[in-house]
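Listed here are the chains, written in short residue letters.
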Amino acid sequence: MRCEDVVKTYPSATGRVRALRGVTATFPANALVAVAGPSGSGKSSLLRLIAGMDRPTSGSVEVEGRAIARASSHRRRRLRRYTVGYVFQRPSDNFLPHLTVGEHLSRVARDGHVHEVVAELGIADRVDHLPGELSGGEQQRAAFAQALVSGARVIVADEPTAELDTASADGVLGAIRSLRERGVTFVLATHDATVMRAADVLLRLDHGEVVEPRRSASGAGTIAAPGPILAADAPTVARVESVSKTYHRGIDLVHAVEDVSFEVFEGEMVGLVGRSGSGKTTLLNLVAGWEHADRGRIDLPGDRLGDAADGPPRWTDVAVVPQKLGLLEELTVRENVAHAAKLGGSLDDHVDRIDELLEAFGLTQLAERRPSETSVGEQQRTALARALLLRPRLLIADEPSGHQDRGWAEKVFAALRSACDGGTACLVATHDEGARTSFDRMLPMRDGRISAER
């Protein structure tokens, strides 16, 4: 594949967004190419052009010697059906909700390697389930399986390991290595240092321009050390006692959370770690009051979260950064950040803090754009700024650095640490290995249970 002098500009409600600025790059056959760069650097736009999902504003794009920049919609659909497989950045976007994983795979499979691929990706026991019954990480692996079994000679994936734990990500990379040896070319947009190290070619973008096309090299960073040890008399902010949650899945009963107990103290950052599907997101939803436990009790001092009669907790009590972010598309970035203060009637009191958060998370220049006019990483930072605005007693964050490069991941956890220093308790689910040194405590989770704290 080859792109030459490619420019991509998007019209938007707030003006024109120039995503790519004269990109020229070659993607060798039978190779793994990692496209890296900060959020908003143009990675996703470049991948969509290669897959024929968009046309460039100017410049040329060739795939296997065929020019696709001005190809008809029919030709570009055939390209995606037979030549280029695409994995979307948001896992749920890869599926039709009423079809099981197995039904998705059977409709695109063109060889006999379905069982081998799903086993290697660790989802062999999930093929009879609907996408909505899978965790975010399991959905991502299933989406990758779709592309792998389609027989496509080029697979383009937008941050395919962003929501995967280390073991699952290693499984994806192992499948890539195996298929690369059989003649498949991979182009992955990524912030993951492990993917960059595994790549044959590393293409770096910044503000829509190629800044450093070169052979792959590692670029891992570290997260700042944790803050001071908590005082022995720090008050309890959240208490979880013998909580269990089960779901009916057909005739099966899934034990998503089973007999979990722990406390989170004022000013403490607690990391909830474990593989995809271990129950982390369900547990966070229970603590947030978004779901109700079958058994057990969840308390905040002065507020009973587990009692539906009390209503949902206030933003000043509990703020949440979910994996799906929950931004309001009709509002601008600034309006989304300000939303909690506006609901509480305190917007005028928080104007300066809104400006501070926008600046701290690199959103000032994007403040008047809609979320759809920004990258997923920028949307994730918008959701975090919204959660921090009212300095909540408890902040719950589900993979808050999942779509950030290493530099922004460090800033995300530095912001969470700063919130802890101000008295906020943070409960964070993450796969980010570099983030582990940021936590005061870690709660390892497996099969719905928490093992010994670390």
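In this text, all values refer to a predicted model and were calculated from it rather than measured experimentally. (Residues numbered from 1 in each chain as written. Predicted model: local features only at pLDDT ≥ 70, side-chain atom pairs only at ≥ 80, totals over all residues. Heavy atoms only, no water.)

Take the packing of aromatic side chains next. Going through the model one piece at a time under the given rule, you end up with 2 aromatic pairs. Here Tyr86 and Phe88 contribute two aromatic rings whose centre-to-centre distance is 4.9 Å and whose plane-to-plane angle is 70°, an arrangement assigned as edge-to-face. The class for Phe88 is partly exposed, based on a relative accessible area of 27%. Ring geometry for Phe413 against Phe439: centres 6.0 Å apart, planes inclined by 85°, an arrangement best described as edge-to-face. Remark: Phe439 occurs in the loop between strand 19 (425–430) and strand 20 (441–446) and Phe413 occurs in helix 12 (residues 406–421); sequence separation between them is 26 residues. Judged by its relative accessible area of 1%, Phe413 falls in the buried class. Judged by relative accessible area, which is 6%, Phe439 ranks as buried. Between Arg81 and the ring centre of Tyr82, over which it is positioned, the NZ or CZ distance is 5.4 Å. Cation over ring: Arg381 sits above Trp408, and NZ or CZ is 3.9 Å from the ring centre. (Phe/Tyr/Trp six-rings, centres within 6.5 Å; stacked < 30°, edge-to-face > 60°. Buried < 20%, exposed > 50% of the residue type's maximum accessible area, 1.4 Å probe, protein only. Helix = DSSP H or I, 4+ residues; strand = E, 2+ residues; numbered from the N terminus. Lys NZ or Arg CZ within 6 Å of the ring centre and 35° of its normal.)

Turning next to empty space enclosed by the protein. All chains considered together, the criterion is met by 1 cavity of 30 Å³ or more. In this structure, the largest cavity encloses a volume near 50 Å³. For the largest cavity, the full set of lining residues is Glu116, Val117, Glu120, Leu148, Ala175, Ser178, Leu179 and Arg182. A breakdown of the residues in the lining of the largest cavity according to their chemical character gives 4 nonpolar, 1 polar and 3 charged. (1 Å grid on protein atoms, 1.4 Å probe; cavity = no way out; pocket = protein on both sides within 12 Å on 5 of 7 lines; lining within 4 Å. Points joined across faces, edges and corners; volume = space filled by probe spheres on them. Nonpolar A, V, L, I, M, F, W, Y, C, P; charged D, E, K, R; others polar.)

What follows covers the pattern of salt bridges. The final tally for this structure, using the stated rule, is 14 salt bridges. Of the charged contacts in the structure, one is a salt bridge between Glu263 and Arg239, with a shortest N-O distance of 2.9 Å. Linking Glu263 in strand 13 (residues 252–265) with Arg239 in strand 12 (residues 236–249), this pair joins segments that are 24 residues apart in sequence. With its nearest N and O atoms 3.3 Å apart, the salt bridge here joins Asp440 to Arg417. Of the two residues, Asp440 sits in the loop between strand 19 and strand 20 while Arg417 sits in helix 12, which places them 23 residues apart along the sequence. Given a relative accessible area of 25%, Asp440 falls into the partly exposed group. A relative accessible area of 10% places Arg417 in the buried class. (Salt bridge = Lys/Arg side-chain N within 4 Å of Asp/Glu carboxyl O.)

Membership of the largest hydrophobic core comes to 39 residues, with the highest contact counts inside it found for Met269, Phe361, Leu388, Phe413, Leu416 and Val428. Elements that contribute at least two residues to this core include exactly strand 14 (269–273), strand 17 (318–321), helix 9 (333–343), helix 10 (351–360), helix 11 (376–388), strand 18 (394–398), helix 12 and strand 19. When residues of this core are assigned to their parent elements, the largest contribution, 7 residues, is made by helix 12. Among all residues touching Leu416, those that are not within four sequence positions of it are Met269, Leu384, Leu395, Pro400, Cys426 and Val428. Within the second largest apolar cluster, 38 residues are counted, among which are Ala36, Val87, Val127 and Leu164. (Core = buried A, V, L, I, M, F, W, Y, C linked by side-chain atoms within 4.5 Å. Contact = heavy atoms within 4.5 Å.)

Where helix 9 meets helix 10, the closest approach of the two axes is 10 Å, and the angle between their N-to-C directions is 125°. Taken together, the axes of helix 9 and helix 10 are oblique relative to one another. Crossing of helix 9 over helix 10 shows right-handed handedness. Each of Val333, Arg334, Val337 and Ala338 in helix 9 lies in contact with helix 10, whose residues at this interface are Val351, Ile354, Asp355 and Leu358. A breakdown of the residues in the contact of helix 9 with helix 10 according to their chemical character gives 6 nonpolar, no polar and 2 charged. (Axes fitted to C-alpha atoms, helices over the stretch in contact; angles between N-to-C directions. Parallel < 35°, antiparallel > 145°, perpendicular 65-115°, else oblique. Left-handed = near helix turned anticlockwise from the far one by under 90°.)

Mapped onto the fold, Ser244 is located in strand 12. Among the polar contacts listed, one links the side chain of Ser244 to the backbone nitrogen of Asp259, at a separation of 2.9 Å. Residue contacts for Ser244: discarding those within four places in its chain leaves Val257, Glu258, Asp259, Ala293, Asp294 and Arg295. (Polar contact = N/O pair within 3.5 Å; in protein donor to acceptor, adjacent residues only side chain to side chain.)

It is worth spelling out the environment of Val63 at this point. Examined against the element boundaries, Val63 turns out to sit in strand 4 (residues 58–63). Spatially, the C-alpha atom of Val63 lies 9.0 Å from that of Cys3, the residues being 60 residues apart in sequence. Apart from the residues within four sequence positions on either side, Val63 is in contact with Met1, Ile50, Ile68, Leu79, Thr83 and Val84.

Attention shifts here to the sheet that holds strand 19. Read across the sheet, 6 strands follow the order 17-18-19-14-20-21 without closing on themselves; strand pairing throughout is mixed. Edge positions in the sheet fall to strand 17 and strand 21 (449–450), since each of these pairs with one other strand and no more. Judged from the 5 bridges that link them, strand 14 and strand 19 form a sheet pairing that is parallel. Each residue of the ladder has a partner; that of Met269, found in strand 19, is Cys426. Sitting on the sheet, helix 8 (residues 280–288) is in contact with strand 14, strand 17, strand 18, strand 19, strand 20 and strand 21, with an inclination near 155° to strand 18. This element, helix 11, spans strand 17 and strand 18 of the sheet and lies at about 175° to strand 17. (Pairing = 2+ DSSP bridges.)

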